[in-house]
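Report on the structure
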Amino acid sequence: MRPFAYERATSVAAATESAVQSSVHYLAGGTTLLDLMKLDVTRPETIVDINPLASTAFGRIDVSPNGLRLGALVRMSDAADHPEIREQYPVIAQSLQLAASQQIRNMASLGGNVLQRTRCTYFRDTSYAACNKRNPGSGCAAINGVNRSHAVLGISNDCIATYAGDFAQALIALDATVEVAGRDGVHTLPFASLHRKPGGRPDQETNLRPGELI
C-alpha cells in the first residue's frame, strides 16, 4: 500500500474543501476503498475521514409520512434491520440484507455502497494495462477476454463492466432522490441520474462534481 495523508473532516464545508482534487478520497466504512488501495487500483494522496459527520443528519434514519430519508453514513446493517424500513420499504431492507457478509454490512455506509466500484477482474487486476476505467484511453481487456459475467446492456465500445450494487436498484425503483453537498452548496438530483453510462469515458462513473459528497 502506498503512503497517504489523513485528515478528519469536522464539517461538510471542511470535507468538500479538502476533496476537490482527484487524488483526495473520502473515507466512510472503507470496505471498498481499502480493497482498491491494497490492489493498487486506487492511489489516494490524501484520505478525508468523514465519519465525524455521523453525529449529524448524515448518520440518521428518518421515517415520516412524507417518506424515508437515509443519511449517507448510516451503516448497511442498521438500515437493513430498522423495523420501519423492513415494514414500509421491504425492498430496501432486502437489498441490503442480501449484500455482502454481516461483518461488511456492519462497517459499510449507504453512501459508499451506492458508489462502489465494479468487480470486473480486468479493472481490479493492474497487470492488465487495458482498462478504460483505470487508464482512460487504454482500451477494454474484457471485451475480447473472459467476459461471461460482464454486461450486455448499458455498455459501450469502451467498457462492458457491470455495476455491483443491489441497493441502488431499489432506490431507482422507488424513484428516490439524492442530496449532494459541494463547494457551491446543496442540491438534489434523481437517484437514477447519479450514475453515468460508460460512453467514451468509463472512468467518469457518476455525475458528482469534484469534491461533492452524498
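Residues numbered from 1 in each chain as written. Predicted model: local features only at pLDDT ≥ 70, side-chain atom pairs only at ≥ 80, totals over all residues. Heavy atoms only, no water.

**Focus on the nonpolar core**
- With 36 residues, the main nonpolar core has Ile-50, Ile-92, Leu-96 and Phe-191 as its most contacted residues.
- Listed by contribution, the elements that provide at least two residues to this core are α3 (76–80), α5 (90–97), α7 (110–114), α9 (167–173) and β6 (177–182).
- Leaving out residues up to four positions away in the same chain, Phe-191 has contacts with Val-114, Ala-168, Leu-171, Ile-172, Ala-176, Thr-177 and Val-178. (Core = buried A, V, L, I, M, F, W, Y, C linked by side-chain atoms within 4.5 Å. Buried < 20%, exposed > 50% of the residue type's maximum accessible area, 1.4 Å probe, protein only. Helix = DSSP H or I, 4+ residues; strand = E, 2+ residues; numbered from the N terminus. Contact = heavy atoms within 4.5 Å.)

**Quick notes on the pattern of salt bridges**
- Under the definition given, this model contains ten salt bridges.
- The closest approach of N and O atoms between Glu-179 and Arg-69, which form a salt bridge, is 3.3 Å. With Glu-179 in strand β6 and Arg-69 in strand β5 (residues 67–70), this residue pair connects regions lying 110 residues apart in the sequence.
- Connected through shared salt-bridge partners, Arg-2, Asp-40 and Arg-43 make up one network. (Salt bridge = Lys/Arg side-chain N within 4 Å of Asp/Glu carboxyl O.)

**Quick look at the sheet that holds strand β3 (residues 46–49)**
- One open sheet holds the three strands; their spatial order is β1-β3-β2, and the pairing between them is parallel. Each edge of the sheet is formed by a strand with only one pairing partner; in this case those strands are β1 (5–8) and β2 (24–27). Sheet twist, expressed as the mean angle between neighbouring strand axes with direction ignored, is 25 degrees.
- Where β2 and β3 come together, four bridges link them in parallel fashion. Each residue of the ladder has a partner; that of Val-24, found in β3, is Thr-46. (Pairing = 2+ DSSP bridges. Axes fitted to C-alpha atoms, helices over the stretch in contact; angles between N-to-C directions.)

**Focus on the packing of aromatic side chains**
- With the rule as written, the count across this model stands at one aromatic pair.
- With a centroid separation of 4.7 Å and 70 degrees between ring planes, the pair formed by Tyr-122 and Tyr-128 is classed as edge-to-face. (Phe/Tyr/Trp six-rings, centres within 6.5 Å; stacked < 30°, edge-to-face > 60°.)

**A short note on unusual backbone geometry**
- Located in the positive-phi region is Asp-40, a residue other than glycine, with phi close to 65 degrees.
- With respect to the secondary-structure elements, Asp-40 resides in the loop between α2 (33–38) and β3.
- Although it is not a glycine, Ala-100 adopts a positive phi angle of roughly 55 degrees.

**Some thoughts on the pairing of β3**
- Residues Thr-46 and Val-48 line one face of β3 and the alternating positions Ile-47 and Asp-49 line the opposite face, and both faces are buried.
- Taken together, the four bridges between β1 and β3 define a ladder with parallel strand orientation. Its bridge partner lying in β3, Tyr-6 is registered against Ile-47.
- The parallel pair β2 and β3, bridged by α2, forms a crossover whose chirality is right-handed. (Right-handed = clockwise from strand over helix to strand, strands pointing away.)

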